[in-house]
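Chain and residue survey
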Amino acid sequence: MERLQKPAYGIPHTPEAPLFHAENVTVRYGDTVALHDLTFTLHQGEQIAVVGPNGAGKSTLFKLIAGEIRPNSGKVTLYGTDPNDHLCIAYVPQRKNIDWSFPVSVRDVVMMGRIGRIGLFRWPRRHDRDIVQASLERVNATHLADKQIGELSGGQQQRIFIARALAQEAELLLMDEPLAGLDIPSQEQFFTILDDVGISTIVATHDLNLAAQRFDQVLLLNTELIALGDAARVLSAENLTNAYSSHLHTRDDIIIADTCCNH
Ligand code: ADP
Ligand code: MG
């Protein structure tokens, strides 16, 4: 009989199950094949970068892990069970898919992370407000609490989403191109905070050098899985040529991927 371990919240995790497993997964939108026959495993506790050209299927993969979409064929598991309804995932979509004009304060955005814990139509209690405050402190953002989320810089907004994941008590943080448009100091701050909070993280990025320098594992995607593993092995000239073919230039050890971040 299958042994199940009940976590404090959400649905049970299977002990020793990997963070995420995909088995012969294909996802289509109408006639477009977004992901084709992916089989791979991601392990708990790792910082993983997902890289690949525009249209490679990165966002589709994130939606699959977050349980927002299901594969047309194949099977996915998160902590050994169906990804749907896991409370322990915090998913931050690409910037262009977020409505920044929505009149909501930073504190409220972070409190939204508590909804799954509190339950809909119930009021936050003192305990929830304390967790929100502590989460804001961990990302150095208490001074931003009463601002509207749309007023913040890109780097500040990403910190607030990390705070929301902390308030949610998430075990997995999925961030779709959080670094796009951030200047170098904001990127540095982002990584310092991520290292500090210590949650398993999967980040989609266009920046191959950052992927190589800052992540334990790199998953290189171009509809099919090109490679997964250590950056040095994955980001080989051969794999990059396979993934990017037409829009890649390399100059000594600098890799320039000629793709647009606003896709
Ligand atoms: P990436 O994030 O790597 O740019 P996406 O996952 O957004 O890639 O897209 C993968 C492929 O699926 C692309 O060809 C894209 O045009 C297509 N696609 C993505 N979302 C949809 C959608 N909602 N409807 C139709 N096609 C889509
Ligand atoms: Mg995308």
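Residues numbered from 1 in each chain as written. Chains lettered and ligands numbered in written order. Predicted model: local features only at pLDDT ≥ 70, side-chain atom pairs only at ≥ 80, totals over all residues. Heavy atoms only, no water.

1. Notes on helix 5 (residues 154-167)
Counted at 1.5 Å a residue, the expected span for helix 5 with its 14 residues is 20 Å, and the 20 Å between its end C-alpha atoms agrees. The element helix 5 is extensively covered by neighbouring structure, given that 12 of its 14 residues are classed as buried. The elements touched by buried residues of helix 5 are strand 5 (89-92), helix 2 (106-112), helix 4 (126-138), strand 6 (172-176) and helix 6 (184-197). Positioned one or two residues after helix 5, E169 has a phi angle of 60°, which is positive. (Helix = DSSP H or I, 4+ residues; strand = E, 2+ residues; numbered from the N terminus. Expected span 1.5 Å × (residues − 1). Buried < 20%, exposed > 50% of the residue type's maximum accessible area, 1.4 Å probe, protein only. Contact = heavy atoms within 4.5 Å.)

2. So, the confidence of the model for the protein chain
Per-residue pLDDT for the protein chain has a mean of 87; in total, 88% of the residues score no lower than 70. Under a pLDDT of 50 for its full length, residues 1-8 has, in the predicted model, 13 contacts with residues more than four places off or in other chains. (pLDDT = per-residue confidence, 0-100.)

3. With respect to the sheet that holds strand 7 (residues 200-204)
Taken together, 6 strands build an open sheet; the order of strands is 5-6-7-3-8-9 and the sheet is mixed. Strand pairing shows two members of the sheet lacking a second neighbour, strand 5 and strand 9 (224-229), which therefore form its edges. Each neighbouring strand pair of the sheet contributes to a mean axis angle of 15°, computed without reference to strand direction. Across 4 bridges, the pairing between strand 3 (residues 47-51) and strand 8 (residues 217-222) is parallel. Note that in strand 8 the partner of V50 across the bridge is L219. Packing of helix 9 (residues 237-244) onto the sheet brings it into contact with strand 3, strand 8 and strand 9, and relative to strand 8 it is tilted by some 40°. (Pairing = 2+ DSSP bridges. Axes fitted to C-alpha atoms, helices over the stretch in contact; angles between N-to-C directions.)

4. Some details on the site of ligand 1
Taken together, the neighbourhood of ligand 1 is formed by 12 residues, with G55, G57, K58, S59 and T60 sitting nearest. With respect to ligand 1, the backbone of G55 contributes an N or O atom lying 2.8 Å from an oxygen atom. Residue K58 places a side-chain N or O atom 2.8 Å away from an oxygen atom belonging to ligand 1. Burial of ligand 1 by the protein amounts to 64% of the accessible area it has alone, namely 560 Å². (Near = heavy atom within 4 Å. Polar contact = N/O pair within 3.5 Å; in protein donor to acceptor, adjacent residues only side chain to side chain. Areas by Shrake-Rupley, 256 points an atom, 1.4 Å probe, with all protein chains shown as cover.)

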